[in-house]
Amino acid sequence: MTFPKLPAFILVAASASTVHVAPQTAPQSVFGYSSFSAEAKIEQEFLAVPDAKLAGEELKTLTAEPHLAATPEDHKTAEYVAQKFRAAGLETEIVPYRVLLNWPRVVKVEAYSADGKQLMAGPTREHVDSGDPYQDDPRVVMPFNGSSGSGDVTGEVVYANYGRLEDYNELAAQHIDLHGKIVIARYGGNFRGVKVYIAEQRGAAGVLIYSDPQDDGYYKGDAWPDGPWRPETGVQRGSVQYLFRYPGDPQTPGVASTPDLPDSARLPADNTGDQPHIISIPLSYHDAAPILQALKGPGVPQGWQGALPFRYHLGPGGVKVHLVSQQDYQVRTIWDVVGKIRGSEFPDEWVVTGNHRDAWVYGAVDPNSGTAAMLEAVHGVGTLLRQGWRPRRSMLFCSWDAEEEGLIGSTEWVEQYARPLENAVAYFNVDVAVSGPDFSAAAVPSLKQFIRELTRDVPSPKGDTVYEQWKSHRAAPDEHRGSNAPPMDNSDVHVGDLGSGSDFTPFLQHVGVPSTDIGSGGPYGVYHSAFDDYAWFTANADPHFVYLQEMARVLGLEGIRMADTDVLPYDYVTYAREIAAYIDAAQKKAADLKLSSLDFGPAREAASRFMTAAGKAHSLQAAPSSDSAELNRTLRQVETDFISAAGLPNRPWYKHLVYAPGEYTGYAAVVIPGVNEAMDAHDETRAAQQLTVLTQALDRATQTLESAH
């Protein structure tokens, strides 16, 4: 494919373990800059620094030991990251918080046939016969779920497919009562916490969540250690916190759990509002197979059959399961690491870049590929600092802790610094940075073109640019980046919407900081298991660490370009177009649902006014004056205009009126959530009220843009 403008560089593959950049051949025009020539030189100097070999060494250090949040090994990784930040010249501090976390004391699953014969006892320890040097470390935590309830229950089993709302509704339609039952559901289709949430609502006593080989095991290809997919004993751990209600420390919604916060300010540990009361335990397909094979009852509906070699049945009947869960809930200390470079002109305007550091076990892909990429981005920025460069805006690099348990480290920090974050111009997230070669991104609409444009200037290990490779493979969004948004008529590369499941959540959806999330994907079957380790990574994801280098370049360039820009490069024309499409789709949905009293006219008119104002603002951005400070303050205000002080109905921690994780998706975004979720509930009164709230927010944003000059 021919690149539509003169490339910024020529790629030179000097060795198998690095991708170099040659000097820029010509300055280019970049939205937000009156002249890009000086910035282009700075960016070229940065792009030459991130090093593939160093990134690999950093990844190996970070993944040398299991480092569950709040453990001594986790603290060691915090000290390591802090040392790297300081070496690059960043003002660095380790920021502790005291948060409620559960660790497993006893986790037990026993299955019995109708005649009392034991069919299985687990969870089985994760193990492959050969090829994984990390699997036998005694510090590998047993399979368990963060936020699981404790108890000792026995019940008949019911299979619920993916545990989606529609799956539970199908069971109800077949008159299968879940009261007192043990639900077994497979991973996929939604956030694991949603599977437990609906099961608890419908009276289940416990939930088993297993990985079906159809979804990430041998059905996909060769299993580890022969390939990248989940082996028989591989278990996906994870949090089942009701993330869609609020993330962070369960006892302190909306309040930072700083070390000096008194216990009297905490909610009761056993009644927080965002944690299940029932037991949930993750299983491998090795342990799930005997349970599923013994199940009686009707055969499963179309689409419910997995890849285990027998016919699946719904139950109940044929098998009972005994679950024991003894969870040690305590307030434990976690450690964020924050490194700062003070801006030379606008120090109160922050550009924040973040990645979490904690892992369920080793976390080579999730999250430490992101940590290694961030460290190499910091390496590049540190080199610029030593050469005398200073960013115009302040740059913060943040290593979050306890993300896996519910986005805790980032949420507590955002709650603590909510006021100064009103001036933060962007949050750039990376989490699962590299599981393969296929770049993808998600962002608020105002930054979708920013990320597309920026990737045109970063070399790809495959040759050409990240943008061209991105355009050639068109990676499908995963459930973290999916949404219920209508398809947009756009021939350019797809940039997904931000739902939840990573640390952009508090920035965008609680305080309204424009955000992006990037990653590079591939076949990845060992998510949240003991096998997500350095051996798997070097065999399957990125043997020469060139994609770590690529992600460091993209991540660092996001921060540098945003920190130095003359005019904040928000694209509100795209934002307006997407919101108008969301309203049109909601109106059609209302007609389909026969919600005839809803009047979408005012919201449509407000979106049209916002579009007109966005076009005028875009013209000002394209030809900025010498002093753009006031224009930038105006542009930044628009995202805040979409924040509702009252928050969303039934979950006020979420305050963004355009994007939120869905109550029944957990990860994937629901657009204009107040309106759409009220319609899903057939609550016309609430839907009408939320349409009014949305219209008022659009009018606020329009008035803000109309004041731009």
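Residues numbered from 1 in each chain as written. Predicted model: local features only at pLDDT ≥ 70, side-chain atom pairs only at ≥ 80, totals over all residues. Heavy atoms only, no water.

Quick word on the confidence of the model for the protein chain
Consideration 1: Residues of the protein chain with pLDDT of at least 70 account for 95%, and the chain-wide mean is 94.
Consideration 2: Segment residues 1-16 is flagged for pLDDT under 50; beyond a separation of four residues in sequence, or across chains, it makes 43 contacts in the model. (pLDDT = per-residue confidence, 0-100. Contact = heavy atoms within 4.5 Å.)

Examining the packing of aromatic side chains
For any two aromatic rings, the description comes down to two numbers: the centre-to-centre distance and the angle of the planes.
Consideration 1: Within the structure shown, the criterion is met by 31 aromatic pairs.
Consideration 2: With a centroid separation of 5.2 Å and an interplanar angle of 45°, the aromatic rings of Tyr575 and Phe642 are classed as tilted. A residue pair is termed long-range when its members are at least 10 positions apart, and Tyr575 in helix H15 (residues 572-592) and Phe642 in the loop between helix H17 (629-641) and strand S17 (659-661) qualify at 67 residues. Taken individually, Tyr575 and Phe642 each receive the classification buried, so the pair is uniform in this respect.
Consideration 3: Through a chain of ring-to-ring contacts, the aromatic side chains of Trp350, Trp400, Trp413, Tyr417, Tyr427 and Phe507 assemble into a single cluster.
Consideration 4: Above the plane of the ring of Tyr467 lies Arg456, whose end atom (NZ or CZ) is 3.9 Å from the centre.
Consideration 5: Its end group placed over the ring of Tyr654, Arg651 keeps NZ or CZ at 5.6 Å from the ring centre. (Phe/Tyr/Trp six-rings, centres within 6.5 Å; stacked < 30°, edge-to-face > 60°. Helix = DSSP H or I, 4+ residues; strand = E, 2+ residues; numbered from the N terminus. Buried < 20%, exposed > 50% of the residue type's maximum accessible area, 1.4 Å probe, protein only. Lys NZ or Arg CZ within 6 Å of the ring centre and 35° of its normal.)

Considerations on the side chain of Thr233
Consideration 1: By secondary structure assignment, the location of Thr233 is in the loop between helix H6 (213-216) and strand S9 (238-239).
Consideration 2: Once residues within four sequence positions are removed from consideration, Thr233 is found in contact with Thr124, Arg125, Glu126, His127, Ser284, His286 and Phe531.

Description of helix H19 (residues 684-706)
Each α-helix winds once per 3.6 residues, and so residues spaced three or four apart point in a common direction.
Consideration 1: Helix length check: H19 (23 residues) gives 32 Å between terminal C-alpha atoms against 33 Å at 1.5 Å per residue, within 8%.
Consideration 2: Along H19, the residues that are buried comprise Ala687, Gln690, Leu691, Val693, Leu694, Thr695, Ala697, Leu698, Ala701, Thr702, Thr704 and Leu705.
Consideration 3: Of the surrounding secondary structure, the elements contacted by the buried residues of H19 are H15, helix H16 (601-622), H17 and helix H18 (673-680). (Expected span 1.5 Å × (residues − 1).)

With respect to the layout of surface pockets
Consideration 1: A volume near 550 Å³ is recorded for the second largest pocket.
Consideration 2: Of all the elements in the fold, those that place two or more residues in the lining of the second largest pocket are helix H4 (165-173), strand S18 (669-671) and H18.
Consideration 3: In terms of residue count, H18 provides more of the lining of the second largest pocket than any other element does, three residues in total. (1 Å grid on protein atoms, 1.4 Å probe; cavity = no way out; pocket = protein on both sides within 12 Å on 5 of 7 lines; lining within 4 Å. Points joined across faces, edges and corners; volume = space filled by probe spheres on them.)

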